[in-house]
Amino acid sequence: MNLLINGEPYHLDVRTLKEVVSSFGLQEGLVVTEIDGTIIDRSKWANTNVEEGMKIELVHFVGGG
């Protein structure tokens, strides 16, 4: 499936938003997701299907100082 993730085109074999996050190896507790301008609550990731051409933003928080 072709998706636009953080402004870059990707071809991923995924069906849900949870699978998208997992495919990038991100720690779920530190990620905020947005699909087509709408923030998706983490509790809904597994039930949120992704479709061809969706624009997804993944924001991963990193600690440091």
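Up top is the structure.
This structure is a prediction, so every number in the text was calculated from the model and none was measured.

1. Re the overall build of the protein chain
- Looking only at helices and strands, the protein chain features one helix and five strands.
- Each helix and strand of the protein chain, placed in order from N terminus to C terminus, yields the pattern β-β-α-β-β-β.
- Taken against the 2.2 N^0.38 rule, which gives 11 Å for 65 residues, the C-alpha radius of gyration of the protein chain at 11 Å falls within 12% of a compact globule.
- The principal-axis extents of the C-alpha atoms in the protein chain amount to approximately 40 × 25 × 20 Å.
- Burial analysis of the protein chain (65 residues in total) assigns 28% to the buried set.
- Taking all contacts inside the protein chain whose residues are at least 6 apart in sequence as the whole, residues at least 24 apart take part in 53%.
- Total accessible area computed for the protein chain in this model is approximately 4300 Å², and 50% of it derives from carbon and sulfur atoms.
- On the protein chain, the mean spot of the 5 positive side-chain charges and the mean spot of the 10 negative ones are 7 Å from each other.

2. Regarding the pattern of salt bridges
- In this structure the tally under the stated criterion is one salt bridge.
- Between Lys 18 and Glu 28 there is a salt bridge, with its nearest N and O atoms 3.0 Å apart. One end of the pair, Lys 18, is in helix α1 (residues 17-23); the other, Glu 28, is in the loop between α1 and β3 (31-35), and 10 residues separate them in sequence.
- When its relative accessible area of 25% is taken as the criterion, Glu 28 is described as partly exposed.

The rules behind the values
- Residues numbered from 1 in each chain as written.
- Predicted model: local features only at pLDDT ≥ 70, side-chain atom pairs only at ≥ 80, totals over all residues.
- Heavy atoms only, no water.
- Helix = DSSP H or I, 4+ residues; strand = E, 2+ residues; numbered from the N terminus.
- Rg over C-alpha atoms; globule rule 2.2 N^0.38 Å.
- Buried < 20%, exposed > 50% of the residue type's maximum accessible area, 1.4 Å probe, protein only.
- Contact = heavy atoms within 4.5 Å.
- Areas by Shrake-Rupley, 256 points an atom, 1.4 Å probe, with all protein chains shown as cover.
- Lys, Arg positive; Asp, Glu negative; His and termini not counted.
- Charge placed at Lys NZ, Arg CZ, Asp CG, Glu CD.
- Salt bridge = Lys/Arg side-chain N within 4 Å of Asp/Glu carboxyl O.

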